[in-house]
Amino acid sequence: MRSGFGCESCGSPGVRLPADLTDDAMIQCDGCGCTLMAWGAFKRRVEAQEAAEIREPAERRAVGATQRVAR
């Protein structure tokens, strides 16, 4: 799974997690150390990306089937 995430400051995809993973705990970039966002917001972002990646292949198959029928 790709998260599609990259630090806006340095481009690193790595994150540094705090010891206490509460939804309001702040995560940091593993590359440059800047504060990125709350853990809860990051989880929701990754979950939304995963859902989009799951939907995307099904949508492509549906479009392909419609195009084959239309020909």
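The preceding data block contains the structure.
Described below are features of the structure shown in this document. Note that the coordinates shown come from a computational prediction; the quantities given were computed from them, not determined experimentally.

## Quick look at the nonpolar core
The biggest cluster of nonpolar side chains holds six residues, and these are Phe 5, Ile 27, Met 37, Trp 39, Phe 42 and Val 46. Element by element, the count of residues in this core is highest for helix α1 (residues 39-70), at three residues.

## A look at the pairing of strand β2 (residues 26-29)
Here strand β1 (residues 15-16) runs beside β2; their pairing, made up of two bridges, is antiparallel. Its bridge partner being in β2, Arg 16 is matched across the sheet by Gln 28. The antiparallel pairing of β2 with strand β3 (residues 35-38) creates a hairpin that spans five residues between the two strands, and Gly 33 there sits at a positive phi of about 85 degrees.

## With respect to the pattern of salt bridges
Where charged atoms from two side chains of opposite charge come close, those side chains can pair. Counted according to the given criterion, the structure contains two salt bridges. Residue Arg 16 pairs with Asp 30 through a salt bridge whose shortest N-O separation is 3.5 Å. Of this pair, Arg 16 sits in strand β1 while Asp 30 is found in the loop between β2 and β3, placing the two residues 14 residues apart along the sequence. We note a salt bridge from Asp 23 to Lys 43, for which the minimum N-O separation is 2.9 Å. Of the two residues, Asp 23 is situated in the loop between β1 and β2 and Lys 43 in helix α1; the sequence distance between them amounts to 20 residues. Exposure remark for Lys 43: the relative accessible area of 30% places this residue in the partly exposed category.

So, how was this worked out
- Residues numbered from 1 in each chain as written.
- Predicted model: local features only at pLDDT ≥ 70, side-chain atom pairs only at ≥ 80, totals over all residues.
- Heavy atoms only, no water.
- Core = buried A, V, L, I, M, F, W, Y, C linked by side-chain atoms within 4.5 Å.
- Buried < 20%, exposed > 50% of the residue type's maximum accessible area, 1.4 Å probe, protein only.
- Helix = DSSP H or I, 4+ residues; strand = E, 2+ residues; numbered from the N terminus.
- Pairing = 2+ DSSP bridges.
- Salt bridge = Lys/Arg side-chain N within 4 Å of Asp/Glu carboxyl O.

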